Amino acid sequence: EPEVTQTPSHQVTQMGQEVILRCVPISNHLYFYWYRQILGQKVEFLVSFYNNEISEKSEIFDDQFSVERPDGSNFTLKIRSTKLEDSAMYFCAGAGRNYGYTFGSGTRLTVV
Amino acid sequence: GESVGLHLPTLSVQEGDNSIINCAYSNSASDYFIWYKQESGKGPQFIIDIRSNMDKRQGQRVTVLLNKTVKHLSLQIAATQPGDSAVYFCAEKDPSWGKLQFGAGTQVVVTP
């Protein structure tokens, strides 16, 4: 069964540093998403991406965040200057035309 | 049930019994609903979905019920097994760009 692959599985970074979280979506997916989950809390929407541009973003997704799909396959989330409160699990997800939604296994980001 | 913060509602179920997990959703325009299972350190795993034009859908050992009148969703797990122990989230899909809004989750603990 096709999978959404995320790397790295765990990233530790110092406050103020930039991080890039990477995702390889399923090839026939059209819609791409990033979500995050702070420990013990619910999964929160960050951003949706369609046709090589952001289609919707949440209040969490401020100027420190950006997304790219640079080569038509990888889908990245960049946090420019990390804060302690950015520590969370970050999930990439993709969906095709007919609703099917698949999540990756996540990247645990720890900001110290 | 739903809660906020670190205190997930917990459902303790004896192995072999049936489980019912409830969820209230917020957007009457949501057109698609999904139940996810999340085990510790992993991404959300799809269990079953239902479109808004249905009120019941059955899978293997699982049934989802949708009551649009009161914006309520439930997941029934038949003959609960130890491997069913996890956090269960409901999610509603926004009909525009497809973002999912997750509920707070319910911790299911299966006891022998």
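See the structure above.
Bear in mind the structure is a predicted one, so any value in this text is a computation, not a measurement.

1. A closer look at the overall build of chain B
And step 1. Scanning chain B from N- to C-terminus turns up zero helices and ten strands.
And step 2. Relative to a compact globule of 112 residues, whose C-alpha radius of gyration would be 13 Å, chain B shows 13 Å and is just as compact.
And step 3. Along the first, second and third principal axes, the C-alpha atoms of chain B reach 45 × 30 × 25 Å.
And step 4. Residue burial in chain B is summarised as follows: out of 112 residues, 42% are buried.
And step 5. Here the analysis covers contacts within chain B between residues at least 6 apart in sequence; of these, 52% occur between residues at least 24 apart.
And step 6. Total accessible area computed for chain B in this model is approximately 5600 Å², and 49% of it derives from carbon and sulfur atoms.
And step 7. Mean positive and mean negative side-chain charge positions of chain B (10 and 10 charges, respectively) differ by 5 Å.

2. What to know about the packing of aromatic side chains
Residues and elements named next belong to chain A.
And step 1. The tally for this structure, following the rule as stated, stands at 17 aromatic pairs over all chains.
And step 2. Seen from their ring centres, Phe-49 and Phe-75 are 5.3 Å apart, and the 40 degrees between their planes marks the pair as tilted. Separated by 26 residues along the polypeptide, Phe-49 in strand β5 (residues 44–50) and Phe-75 in strand β8 (residues 75–79) bring together distant segments of the chain. Side by side, Phe-49 and Phe-75 carry an identical accessibility label, which is buried.
And step 3. Pairing Tyr-101 with Phe-103 gives two aromatic rings, centres 5.7 Å apart and planes at 35 degrees, and the pair type is tilted.
And step 4. Phe-103 sits in the buried class, given a relative accessible area of 9%.

3. Overview of the sheet that holds strand β1 (residues 5–7) of chain A
Residue and element names in this part refer to chain A.
And step 1. Read from one edge of the open sheet, four strands run β1-β3-β8-β7, paired in antiparallel fashion. Because the sheet does not close on itself, it has two edges, and the strands there are β1 and β7 (65–68). When strand polarity is set aside, the average angle formed by the axes of neighbouring strands in this sheet is 20 degrees.
And step 2. Alignment of β1 against strand β3 (residues 19–24), held across three bridges, turns out to be antiparallel. Across the sheet, residue Thr-7 finds its bridge partner in β3, namely Arg-22.

4. Points about the sheet that holds strand β5 (residues 56–58) of chain B
Residues and elements named next belong to chain B.
And step 1. Reading across from one edge, β2-β7-β6-β5 is the order of the four strands in this open sheet, with antiparallel pairing throughout. Since the sheet does not close on itself, it has two edges, and those belong to β2 (19–24) and β5, each with one partner. In this sheet, neighbouring strand axes are inclined to one another by 15 degrees on average, regardless of whether the strands run parallel or antiparallel.
And step 2. Bridging between β2 and strand β7 (residues 72–77) involves six bridges; their strand directions are antiparallel.

5. So, the pairing of β7(B)
Residue and element names in this part refer to chain B.
And step 1. Where strand β6 (residues 62–67) and β7 come together, six bridges link them in antiparallel fashion. Bridging from a neighbouring strand, Asn-67 pairs with His-72 of β7.
And step 2. Hairpin remark: β6 followed by β7, antiparallel, with four residues in the connecting loop; positive phi at Lys-71, about 55 degrees.

6. Some words on the state of the cysteines
Residues and elements named next belong to chain B.
And step 1. Overall, the coordinates contain two disulfides over all chains when judged by the stated rule.
And step 2. Here Cys-23 connects covalently by a disulfide to Cys-90, the sulfurs 1.6 Å from one another. In this pair, Cys-23 is assigned in strand β2 and Cys-90 in strand β8 (residues 86–93), connecting sequence segments 67 residues apart.

7. Overview of the pattern of salt bridges
Residue and element names in this part refer to chain B.
And step 1. All chains considered together, the criterion is met by six salt bridges over all chains.
And step 2. Ionic pairing is found between Glu-39 and Lys-42, a salt bridge with its closest N-O pair at 3.8 Å.
And step 3. Classification of Glu-39 as partly exposed rests on a relative accessible area of 28%.
And step 4. Residue Lys-42 is classed as partly exposed on the basis of its relative accessible area, which comes to 47%.
And step 5. Between Arg-61 and Asp-84 there is a salt bridge whose closest N-O contact spans 2.9 Å. Within this pair, whereas Arg-61 is found in the loop between β5 and β6, its partner Asp-84 is found in the loop between β7 and β8, the two being separated by 23 residues in sequence.

Rules used in this analysis
- Residues numbered from 1 in each chain as written.
- Chains lettered and ligands numbered in written order.
- Predicted model: local features only at pLDDT ≥ 70, side-chain atom pairs only at ≥ 80, totals over all residues.
- Heavy atoms only, no water.
- Helix = DSSP H or I, 4+ residues; strand = E, 2+ residues; numbered from the N terminus.
- Rg over C-alpha atoms; globule rule 2.2 N^0.38 Å.
- Buried < 20%, exposed > 50% of the residue type's maximum accessible area, 1.4 Å probe, protein only.
- Contact = heavy atoms within 4.5 Å.
- Areas by Shrake-Rupley, 256 points an atom, 1.4 Å probe, with all protein chains shown as cover.
- Lys, Arg positive; Asp, Glu negative; His and termini not counted.
- Charge placed at Lys NZ, Arg CZ, Asp CG, Glu CD.
- Phe/Tyr/Trp six-rings, centres within 6.5 Å; stacked < 30°, edge-to-face > 60°.
- Pairing = 2+ DSSP bridges.
- Axes fitted to C-alpha atoms, helices over the stretch in contact; angles between N-to-C directions.
- Disulfide = S-S within 2.5 Å.
- Salt bridge = Lys/Arg side-chain N within 4 Å of Asp/Glu carboxyl O.

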